[in-house]
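# Reading the structure
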Amino acid sequence: MALDHALLVALREQPGSGLELAKRFSRSIGYFWPATHQQIYKVLGRMETEGWVSVSEVAQTGKPAKKVYDVTPAGADVLAAWLAEPTDTHTMRSELAVKLRGASFGDRAAVLDVVRANLADHHVRLDHYRQLMKRDYTDGPVDLAGLELDQYLVLRGGIRVEEFWIEWLTEYLEAHA
């Protein structure tokens, strides 16, 4: 997946400026596909050149006009084509998993520190996801459909992924206690 596709999804959900997209990435999509402000602006510029997004300027009081990006029909077609492509489920890239596998060849105490730090990050992320779930979906998936149901299910998936990481990293630490 390219950042282009993640941005197209975000813009289909809601048009926005580069800054707004960066903020949304830091709160949601960025947990699954991280990107820096610079990467987002660079890709938005390329997507505009390719005709996948349009830009309109919105006046702001006391500030320069902001550029608001929206998906064009061509961009919607690109996104729809990408969504229909098969996804490689055989590849899992995890730098941490490689470090765990190779811990015997280096300073295990340092690797265990890396594991502890990652475990703490996963706890924070899980807490965040659970707060979002509590705030946005108090009744669960009842009466959800379309985009709202997709967002709910991705959040549920994020919770399950974080639970997996916490369980696995805890097991690794306990085995080396």
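Keep in mind that what you see is a predicted model, and the values were worked out from it rather than measured. (Residues numbered from 1 in each chain as written. Predicted model: local features only at pLDDT ≥ 70, side-chain atom pairs only at ≥ 80, totals over all residues. Heavy atoms only, no water.)

Here the focus is the domain arrangement of the chain. Under the domain assignment used here, the chain contains domain 1 (1–84) and domain 2 (95–175). One C-alpha centre belongs to domain 1, the other to domain 2; they are set 26 Å apart. Contact with domain 1, which involves four residues of that partner, is made by eight residues of domain 2. Surface buried jointly by domain 1 and domain 2 totals about 500 Å² across both partners, of which 63% is contributed by carbon and sulfur atoms. Among the residues domain 1 hides against domain 2, the three largest losses belong to Glu-13, Tyr-31 and Phe-32. Together they make up 90% of the total. (Domains from an automatic or database assignment. Contact = heavy atoms within 4.5 Å. Buried area = accessible area lost by both parts, 1.4 Å probe.)

The next point concerns helix α1 (residues 3–13). Where burial is concerned, most of α1 is hidden: eight out of the 11 residues are buried. Turning to α1, its buried residues are Leu-3, Asp-4, His-5, Ala-6, Leu-7, Leu-8, Ala-10 and Leu-11. The secondary structure elements touched by the buried residues of α1 are α2 (18–27), α3 (37–49), β1 (53–60), β2 (63–71) and α4 (73–84). (Buried < 20%, exposed > 50% of the residue type's maximum accessible area, 1.4 Å probe, protein only. Helix = DSSP H or I, 4+ residues; strand = E, 2+ residues; numbered from the N terminus.)

Here we take up the environment of Tyr-152. With respect to the secondary-structure elements, Tyr-152 resides in helix α7 (residues 146–175). Note on Tyr-152: relative accessible area 10%, which makes it buried. For the pair Tyr-152 and Asp-136, spaced 16 residues apart in the sequence, the C-alpha separation amounts to 8.7 Å. Apart from residues no more than four positions distant in its own chain, Tyr-152 is found in contact with Met-133, Tyr-137, Gly-140, Pro-141 and Leu-144.

Even without glycine at this site, Asp-143 takes up a positive phi of about 65 degrees. Take Asp-143: it is sitting in the loop between α6 (108–136) and α7.

Detailed reading of predicted coordinates is not advised where the pLDDT is low. Here the chain shows a mean pLDDT of 91. Residues at 70 or above account for 97%. The least confident element of the chain, judged by mean pLDDT, is α2 at 86; the most confident is α7 at 95. (pLDDT = per-residue confidence, 0-100.)

Now for the pairing of β1. Examined bridge by bridge, β1 and β2 share seven bridges and lie antiparallel to one another. Across the sheet, Val-58 pairs through a bridge with Lys-66, a residue of β2. (Pairing = 2+ DSSP bridges.)

Here we take up the packing of aromatic side chains. Aromatic rings considered in pairs are described by the distance between their centres and by the relative angle of their planes. This structure, assessed with the given rule, holds four aromatic pairs. A centroid spacing of 5.7 Å and a plane angle of 20 degrees characterise the contact between Phe-164 and Trp-168, whose relative ring orientation is stacked. Note that Phe-164 and Trp-168 are positioned in helix α7 at a spacing of four residues, about one turn of the helix. Under the relative-accessibility criterion, Phe-164 is labelled partly exposed at 42%. Measuring from ring centre to ring centre gives 5.3 Å for Trp-165 and Trp-168, while their planes differ by 50 degrees; the resulting arrangement is tilted. One end of the pair, Trp-165, and the other, Trp-168, are both in helix α7, three residues apart, so they sit about a helical turn from each other. Judged by relative accessible area, Trp-168 falls into the partly exposed class, the value being 26%. Joined through ring pairs, the aromatic side chains of Phe-164, Trp-165 and Trp-168 make up one cluster. (Phe/Tyr/Trp six-rings, centres within 6.5 Å; stacked < 30°, edge-to-face > 60°.)

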